[in-house]
Amino acid sequence: MTRDKFAQQSLGGTLHGMVKKSRVLMVGAGGIGCELLKNLVLTGFGEIHIVDLDTIDLSNLNRQFLFRNEHIKKSKALVAKESAHRFNPNVTIEAYHDNIKDPRFDIAWFQAFDIVFNALDNIDARRHVNKMCLAANVPLIESGTTGFNGNVQVIKKGHTECYDCVPKPTPKVFATCTIRSTPSQLIHCIVWGKSYLFAELFGISEDDAPELDQSLDKEGNNADEIAKLREEATKLKRVREQMGSQDFPRAVFEMVFSDDIERLLSMEDMWKGKRAPVALSFDGLSEEPKAPAQTILADDQKTWSVAENFAVFVDSINRLSQRLETERAKAEVGNSAPVLSFDKDDADTLDFVVASANLRASIFGIDLRSKFDIKQMAGNIIPAIATTNAMTAGLCVLQAYKVLRYADPEQLKRQAKSVFLTRGTDRMLAPETLSAPNPECPTCSVARITLTVDIARAKLSDLVNDVLTKQLGYGEEFSVTKDGDLLYDADEDAHLDKTFGELGLVTGASVIVIDDADENRKVNVEFTIDAKDLPASDKPINLLENLQIATKPKAAIPTAAPATNGHSHATTNGTTNGTTGNNLKRTAEEASLEDDLIRKKGKVMEEKQIMDTDDIQVIEDEKDDGVITLD
């Protein structure tokens, strides 16, 4: 009996043949990726390519079952290939320990695949793969998990929502003055330890920290406070010069946990009606009885006392100082000075941030937490559930079958689903019909066209008057921008006589054309420049003949959401994994189709008698010969 006999019986000969001949790409070999790769090889997908830049950490082993202890620090992609081959040696697997954003993974490379699977954990990489699949016109199966919740979404260019059609929440930022002067939550203390204290001592300045917002408030009133904080940063840099000496831990401690707190206490108005901070004493904590730092660190589930956090603080700052001094000694002359960066899986950096955050929390009367808890908060970790990953990976393969089976995009849109995995409802799997593309999406609503241009001869006026107005039929209301800068619109024509070369529009550069017409607005167009010397007898801009720009569809009429057997569909929008979802909705067209179905089943009485029986709606028709069940 062949190993794929049961797969062939389950899928049927035609679909099974498609699976065996398919060439698929899987981006990401982490929690979902390990489960997905196992499913793909066992199902018999013919050729699988894996791209992942990450290496294996100890914390991965509890759920990424393709990896073992001996694989720590090795490439996820390469080890996943080796482990998965044991499940099915007949499958061809190619692995790349590389960044999917590397230029060698270009559009032509993506076009070689039948399906692309996203198993990523960050929004930036997701957006890149989404954009490349749209450009290559390759179906993408997006997936993500957050704790017990998961989501799988099929994306097909021009027919379904893409990853960017639904806006993502902006990352959380914290005001510098809150972090540095008036923390009220432990997360404020953690960000302070990670993005300020650690960065100023061992890394880069807080000016480059994305978690800190140093802008003025609405009235511009915190300018003086920010100036004072910058002055303190200068003092801290002087303390940093003592690194490597025996007095370095004391100098850092007394500045941030004693002197800075005394300065805050001097601002009496700041503490009216609230608990004032209490400065710590280096000598006082040194004399308190406590176990050695290594003994304290052995239990990361325990919430350490202030004295124990002090011991860990001194121990970790000595470890980091020695480490940085060693790297500086090895640095070659002429290179920039080495720095350290925070990593939740780096014990030295994590211990420092945990101890610093807890010491600061004790000063402001905030509850202390264990190293285990702070690691999750400092690393923005959402607990990963192995079962959720496995179920989500299974849903990816089920949707892949539909992508292979239904070549017609409109048929695929009707058959494929966005599936949400939720906890706490009667229906843990909530499938939803794929939504149409968002006409205002900045990614999939943009048409991309390459222009061959003689940049020495071609002027912006040639693009505006000849190409856009005469050849492509734009009206008077449109704009041309380059990298966000306005080059032309109805009120701005100063650049019309400048050549493409003068405007910096060389090979690889692009301009965005946005139609502002009230009716029949054209989709946004990105024109990419291919600079060439064209014959003097030719026009300076070469555009494909009979090229037409599509118009934006009108937005659907919003209607109330239909009943779903009394259950709400939870989504994983805005999660750490960045998974997008479609809100359950019924368009006017869908409502009309549903009404037609009812009329075909039998004429409904003018006075409908509707009975609710648990989750089923029953409508009696005038012939009294049956019921119509509506899901």
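Residues numbered from 1 in each chain as written. Predicted model: local features only at pLDDT ≥ 70, side-chain atom pairs only at ≥ 80, totals over all residues. Heavy atoms only, no water.

**Student:** Please explain the overall build of the protein as it appears in this structure.
**Tutor:** A count of helices and strands for the protein gives 19 helices and 19 strands. By sequence separation, contacts in the protein at least 24 residues apart represent 66% of the contacts at least 6 residues apart. Carbon and sulfur atoms form 48% of the exposed surface of the protein, whose accessible area is close to 32,200 Å². (Helix = DSSP H or I, 4+ residues; strand = E, 2+ residues; numbered from the N terminus. Contact = heavy atoms within 4.5 Å. Areas by Shrake-Rupley, 256 points an atom, 1.4 Å probe, with all protein chains shown as cover.)

**Student:** Whenever I open this one, helix H6 (residues 123–136) confuses me. Can you help?
**Tutor:** Residues spaced three or four apart along an α-helix face the same direction, because each turn holds 3.6 residues. Helix length check: H6 (14 residues) gives 20 Å between terminal C-alpha atoms against 20 Å at 1.5 Å per residue, within 8%. Every buried residue belonging to H6 is among Ala125, Arg126, His128, Val129, Asn130, Met132, Cys133, Leu134 and Ala136, and all of these are buried. Its buried side turned inward, H6 meets strand S1 (23–27), helix H5 (107–110), strand S4 (115–118), strand S5 (140–146) and strand S6 (149–155). You can read the cap of H6 off the contacts: a side-chain oxygen lies 3.4 Å from the backbone nitrogen of Asp124, and it is on Asn122. (Expected span 1.5 Å × (residues − 1). Buried < 20%, exposed > 50% of the residue type's maximum accessible area, 1.4 Å probe, protein only. Polar contact = N/O pair within 3.5 Å; in protein donor to acceptor, adjacent residues only side chain to side chain.)

**Student:** Sorry, what's going on with the side chain of Arg240 here?
**Tutor:** Structurally, Arg240 is set in helix H9 (residues 223–240). Buried charge Arg240 goes without a salt bridge, the closest partner of opposite sign being Glu200 at 5.5 Å. Of note is the side chain of Arg240, whose polar atom sits 2.9 Å from the backbone oxygen of Leu201. (Lys, Arg positive; Asp, Glu negative; His and termini not counted. Salt bridge = Lys/Arg side-chain N within 4 Å of Asp/Glu carboxyl O.)

**Student:** How should unusual backbone geometry be read in this particular structure?
**Tutor:** Leaving glycine aside, a negative phi is the common case for residues, and trans is the common case for peptide bonds. Notably, Lys73 is not glycine yet its phi reads approximately 80 degrees, a positive angle. Within the fold, Lys73 resides in the loop between strand S2 (47–51) and helix H4 (76–85). In this structure Lys73 comes out as exposed when scored by relative accessible area, which is 60%. The residue Asn520 is not glycine, and still its phi comes out positive at about 50 degrees. Its location among the elements puts Asn520 in the loop between strand S14 (510–515) and strand S15 (524–531). The exposed category is assigned to Asn520, whose relative accessible area is 62%.

**Student:** Would you explain the nonpolar core in this entry?
**Tutor:** Here is a general trend for soluble globular proteins: nonpolar side chains tend to be buried in one another's company. Grouped together as the largest cluster of nonpolar side chains are 54 residues, with contacts concentrated most on Leu197, Phe202, Phe313 and Phe352. Put simply, the parts of the chain that give this core at least two residues each are helix H8 (186–202), H9, helix H10 (248–265), helix H11 (282–287), helix H12 (293–297), helix H13 (306–330), helix H14 (347–363) and helix H15 (371–378). Among the elements that line this core, the one with the most residues is H8, at 11 residues. Ignoring sequence-local partners within four residues, the contact set of Phe313 consists of Leu197, Pro249, Val252, Phe253, Phe257, Phe352, Ala355, Ser356 and Leu359. Listed in part, the 44 residues of the second largest apolar core include Phe45, Ala77, Leu395 and Leu412. (Core = buried A, V, L, I, M, F, W, Y, C linked by side-chain atoms within 4.5 Å.)

**Student:** Please clarify how the sheet that holds strand S13 (residues 485–488) should be interpreted in this entry.
**Tutor:** Through backbone hydrogen bonds, the strands of a sheet pair up, either in parallel or in antiparallel fashion. The six strands are arranged S13-S12-S14-S15-S11-S16 in an open sheet whose pairing can be described as mixed. Both outer strands of the open sheet, S13 and strand S16 (541–542), are each paired with one neighbouring strand and no more. Strand direction decides the pairing type here: strand S12 (residues 478–482) and S13, joined by three bridges, are antiparallel. From the neighbouring strand, Val480 faces S13, where its bridge partner is Tyr488. Against the sheet, helix H18 (residues 460–471) contacts strand S11 (446–453), S12, S13, S14, S15 and S16, and its axis sits at roughly 135 degrees relative to S12. (Pairing = 2+ DSSP bridges. Axes fitted to C-alpha atoms, helices over the stretch in contact; angles between N-to-C directions.)

**Student:** Looking at this structure, how should I read the pattern of salt bridges?
**Tutor:** Counted according to the given criterion, the structure contains 28 salt bridges. Residue Lys101 is joined to Asp124 by a salt bridge in which the shortest nitrogen-to-oxygen separation is 2.7 Å. Of this pair, Lys101 sits in the loop between strand S3 (92–96) and H5 while Asp124 is found in helix H6, placing the two residues 23 residues apart along the sequence. Relative accessible area serves as the criterion here: at 39%, Lys101 is assigned to the partly exposed category.

**Student:** Would you explain the side chain of Asn39 in this entry?
**Tutor:** Mapped onto the secondary structure, Asn39 falls in helix H3 (residues 31–43). If near-sequence neighbours (up to four positions away) are discounted, Asn39 is found in contact with Ala393, Gly394 and Val397.

**Student:** Could you clarify how one ought to interpret the packing of H8 against H14 in this entry?
**Tutor:** Two quantities define a packed helix pair, namely the angle between the helix axes and the distance between the axes. Interhelical geometry of H8 versus H14 gives an angle of 125 degrees and a closest axis separation of 8 Å. Classified by the angle between their axes, H8 and H14 sit oblique to one another. Regarding H8 and H14, the two cross each other, and that crossing is right-handed. Each of Leu186, Cys189, Ile190, Trp192, Gly193, Lys194, Leu197, Phe198, Leu201 and Phe202 in H8 lies in contact with H14, whose residues at this interface are Thr349, Phe352, Val353, Ser356, Ala357, Asn358, Arg360 and Ala361. Split by residue class, the contact of H8 with H14 holds 12 nonpolar, four polar and two charged. (Parallel < 35°, antiparallel > 145°, perpendicular 65-115°, else oblique. Left-handed = near helix turned anticlockwise from the far one by under 90°. Nonpolar A, V, L, I, M, F, W, Y, C, P; charged D, E, K, R; others polar.)

**Student:** Hey, could you run me through the pairing of S2 in this one?
**Tutor:** Side-chain direction in a regular strand flips from residue to residue, so the side chains alternate between the two faces of the sheet. S2 sits mainly inside the fold: four of its five residues count as buried. For S1 and S2, the ladder comprises five bridges, and the chain directions are parallel. Within S2, the residue paired with Leu25 across the bridge is His49. The β-α-β motif built from S1, the intervening H3 and the parallel element S2 has right-handed crossover chirality. (Right-handed = clockwise from strand over helix to strand, strands pointing away.)

**Student:** Explain the sheet that holds S5 to me, please; I cannot follow it from the model alone.
**Tutor:** With respect to topology, eight strands assemble into an open sheet ordered S3-S2-S1-S4-S5-S6-S9-S10, the strand pairing being mixed. One side of each edge strand has no neighbouring strand; the edge strands of this open sheet are S3 and strand S10 (429–433). Taking the axes of each pair of neighbouring strands and ignoring which way they run, one obtains an average angle of 15 degrees across the sheet.

**Student:** Help me understand the packing of aromatic side chains in this model?
**Tutor:** Each pair of aromatic rings is reported with the distance of its centres and the angle of its planes. For the structure shown, the criterion picks out 21 aromatic pairs. Summarising the aromatic geometry, the rings of Phe198 and Phe352 are spaced 6.0 Å apart at their centres and angled 55 degrees between planes, so their arrangement reads as tilted. Linking Phe198 in helix H8 with Phe352 in helix H14, this pair joins segments that are 154 residues apart in sequence. The same class applies to Phe198 and to Phe352, which are both buried. Ring geometry for Phe253 against Phe310: centres 5.4 Å apart, planes inclined by 90 degrees, an arrangement best described as edge-to-face. One end of the pair, Phe253, is in helix H10; the other, Phe310, is in helix H13, and 57 residues separate them in sequence. A relative accessible area of 0% means that Phe253 is categorised as buried. Feature note: the residues Trp192, Tyr196, Phe198, Phe202, Phe253, Phe257, Phe282, Phe310, Phe313 and Phe352 constitute an aromatic cluster, connected by ring pairs. Above the ring of Trp192, the side-chain terminus of Arg360 is found at 4.4 Å from the ring centroid. For the cation-ring pair, Lys522 lies above Tyr474, with the distance from its terminal atom to the ring centre recorded as 5.6 Å. (Phe/Tyr/Trp six-rings, centres within 6.5 Å; stacked < 30°, edge-to-face > 60°. Lys NZ or Arg CZ within 6 Å of the ring centre and 35° of its normal.)

**Student:** Is there a simple way to explain the pairing of S15 in this structure?
**Tutor:** Note: S11 against S15, eight bridges, orientation parallel. Bridge pairing in S15 places Thr450 opposite Thr528. Strand direction decides the pairing type here: S14 and S15, joined by four bridges, are antiparallel. Across the sheet, the residue bridging to Ile512 is Glu526, located in S15.

**Student:** So what exactly am I meant to see when it comes to H8 here?
**Tutor:** Look at H8: 22 Å from first C-alpha to last across 17 residues, which is about the 24 Å you get at 1.5 Å a residue. The principal kink in H8, of about 35 degrees, is found at Gly193. Most of H8 is tucked away, with 17 of its 17 residues classed as buried. (Bend = angle between axes of the 7 residues up to and from the residue.)

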